[in-house]
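Structural description and commentary
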Amino acid sequence: MNLEQINAYGSELQSLLKLTGSPVAVKLIPAGNEEDAADKYTKLDHPMRHCQITDHVRRTGELLYTTLDVQQCKGGAAALGLTKLSDKVRSGEFYCDGLHHFETVEAAKKTVDMITFLEPHSNAAAIYGPLEKATFEPDIVIFICNPKQAMLLTQGWEYRDGGRIQAEFSGKQSVCSDAVAQVIKTGKPNVTIGCSGSRAYTKIMDDELLYSIPAQDIEKTVIGLRSVLAESK
């Protein structure tokens, strides 16, 4: 797919799904290639969390890039491979003694050990943009949507090849790990329900969730959606 095709699919997905905002294209820039982003894109000028940036882009249509210094949530930055996860989070202490989301540190650590993180310092920057206006080829596309729209995405995705979506989530590090790192590592879509941070710091509504697909699945999902929706009329 060329960029013109990607943008056209972005607009079509908005229309087919009746989305209130844009599907968000995300691309990670490997370490050592920072100039690829700096020469082409506007850098975010104040700290924000990855989840906030994603929601901001879907609402405003802005296109921007970030590096570690403006990624306010270092746990999210670690999921994207921009830094190393802190010992306090890795050990389970943060989620148990800090947030009181677990009965024991051991239970918290068990969950953290199952969360997907990209290799520390493997990436130097993250680029975000609305799919219909992206000037880069994304790695993944994130949809902030309602359950019916997630259902339609699933039906579109499986229309040609069949299959089944296996959702991976824990209510922790949802927009960063579940929606980005997990999908990049597996090459498969993922559905995730949000986390305390993303629910607190974004405008994601109580009746919305997140659906993320690899960029290579955009075309087949759109083509499938056309057929599924045509049959439902």
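Every chain begins its residue count from 1, and numbering advances along the sequence as written. Predicted model: local features are reported for residues with pLDDT of at least 70 only, side-chain atom pairs are reported and counted for 80 or more only, and whole-chain, interface and lining totals are derived from all residues. With hydrogens and water excluded, all non-hydrogen atoms of the structure serve as input to the side-chain values.

1. Structural notes on the overall build of the protein
- Broken down by element type, the protein carries 11 helices and 6 strands.
- Since a compact globule built from 233 residues should have a radius of gyration of about 17 Å, the 17 Å found for the protein is in line with a globular shape.
- Its C-alpha atoms give the protein principal-axis dimensions of roughly 50 × 40 × 30 Å.
- In the protein, which comprises 233 residues, the proportion classed as buried is 53%.
- Contacts: residue pairs with any heavy atoms within 4.5 Å of one another. Pairs at least 24 residues apart make up 73% of the contacts formed inside the protein by residues separated by at least 6 positions.
- Surface accessibility follows the Shrake-Rupley procedure with a 1.4 Å probe radius. Residue values consider only the protein chains on display as shielding. Carbon and sulfur atoms make up 49% of the accessible area of the protein, which totals about 11,100 Å². Strands are runs of DSSP state E lasting at least two residues, helices are runs of H or I lasting at least four, and both sets are numbered from the N terminus onward. Throughout, the radius of gyration refers to the C-alpha atoms, and the reference size of a globule is 2.2 Å times the residue count to the power 0.38. Buried residues are those whose accessible area, probed at 1.4 Å on protein chains only, stays under 20% of the maximum for their type, while exposed residues exceed 50% and partly exposed ones sit between those limits.

2. A short note on a negative patch on the surface
- Side chains of E34, E35, D36 and D39 sit close together on the surface and give a patch of like negative charge.
- For E35, the location among the structural elements is in helix α2 (residues 35–38). Surface patches are drawn from residues lacking salt bridges whose relative accessible area is over 30%; two like charges belong together within 9 Å, two nonpolar side chains (Val, Leu, Ile, Met, Phe, Trp, Tyr) within 5 Å. By salt bridge we mean one thing: a side-chain nitrogen of Lys or Arg within 4 Å of a carboxyl oxygen of Asp or Glu. Asp and Glu are treated as the negative residues and Lys and Arg as the positive ones, with His and the ends of the chain left uncounted. Where a charge sits is defined by one atom per residue type, namely NZ (Lys), CZ (Arg), CG (Asp) or CD (Glu).

3. Some details on the sheet that holds strand β5 (residues 190–192)
- The criterion for strand pairing is that DSSP finds at least two bridges linking the strands in question. Reading across the sheet, the 6 strands line up as β2-β3-β1-β4-β6-β5 and stay open at both edges, with antiparallel pairing between neighbours. Each edge of the open sheet is held by one strand with a lone partner, namely β2 (64–66) and β5. Averaged over all pairs of adjacent strands, the angle between strand axes in this sheet comes to 25 degrees, irrespective of strand direction.
- In the sheet, β2 pairs with strand β3 (residues 123–130) via 3 bridges, with the strands oriented antiparallel. Paired with Y65 across the strands is I127, a residue of β3.
- Packing of helix α9 (residues 174–186) onto the sheet brings it into contact with β1 (24–30), β4 (140–145), β5 and β6 (209–214), and relative to β4 it is tilted by some 140 degrees. Angles run from 0 to 180 degrees between N-to-C directions of axes, and those axes are lines fitted to C-alpha atoms, restricted for helices to the stretch in contact.

4. A few points about the environment of V175
- Along the chain, V175 falls in helix α9.
- Separated by 33 residues in sequence, V175 and I142 place their C-alpha atoms 8.6 Å apart.
- Aside from chain neighbours lying at most four places away, what touches V175 is H50, C51, T54, I142, V180, S198 and L210.

5. Remarks on empty space enclosed by the protein
- With a 1 Å grid spanning the protein atoms alone, the term cavity applies to any set of points in which a 1.4 Å probe fits but cannot get out, the term pocket to an open set with protein on both sides within 12 Å along at least five of seven lines, and the term lining residue to any residue with an atom within 4 Å of a point. Grid points are joined across faces, edges and corners, and a volume is the space filled by probe spheres set on the points. Summed over the entire model, instances satisfying the criterion amount to 1 cavity of 30 Å³ or more.
- Counted as a void, the largest cavity has a volume near 40 Å³.
- What lines the largest cavity is simply L19, T20, G21, S22, P23, R58, F143 and I144.
- For this classification, Asp, Glu, Lys and Arg are treated as charged, while Ala, Val, Leu, Ile, Met, Phe, Trp, Tyr, Cys and Pro are nonpolar and the rest, including Gly, are polar. For the lining of the largest cavity, a count of residues per class yields 4 nonpolar, 3 polar and 1 charged.

6. Some points on the side chain of T67
- Mapped onto the fold, T67 is located in the loop between β2 and α4 (74–79).
- Residues within four places of T67 in sequence aside, it is in contact with K43, A124 and A125.

7. Points about the nonpolar core
- Membership of the largest hydrophobic core comes to 33 residues, with the highest contact counts inside it found for L13, L17, F143, C145, L153, Y211 and I218.
- At the level of secondary structure, the elements contributing two or more residues to this core comprise α1 (3–17), β1, β3, β4, α8 (147–158), β6 and α11 (218–232).
- By residue number, the principal contributor to this core is α11, which donates 5 residues.
- Look past the residues within four positions of I218 in its chain and what remains in contact with it is M1, Y9, L13, L131, V141 and I213.
- For this analysis, a nonpolar core means a set of buried residues of the types Ala, Val, Leu, Ile, Met, Phe, Trp, Tyr and Cys, connected via side-chain atoms within 4.5 Å. Core analysis: the next-biggest nonpolar cluster, separate from the first, contains 26 residues, C51, I53, A126 and V183 among them.

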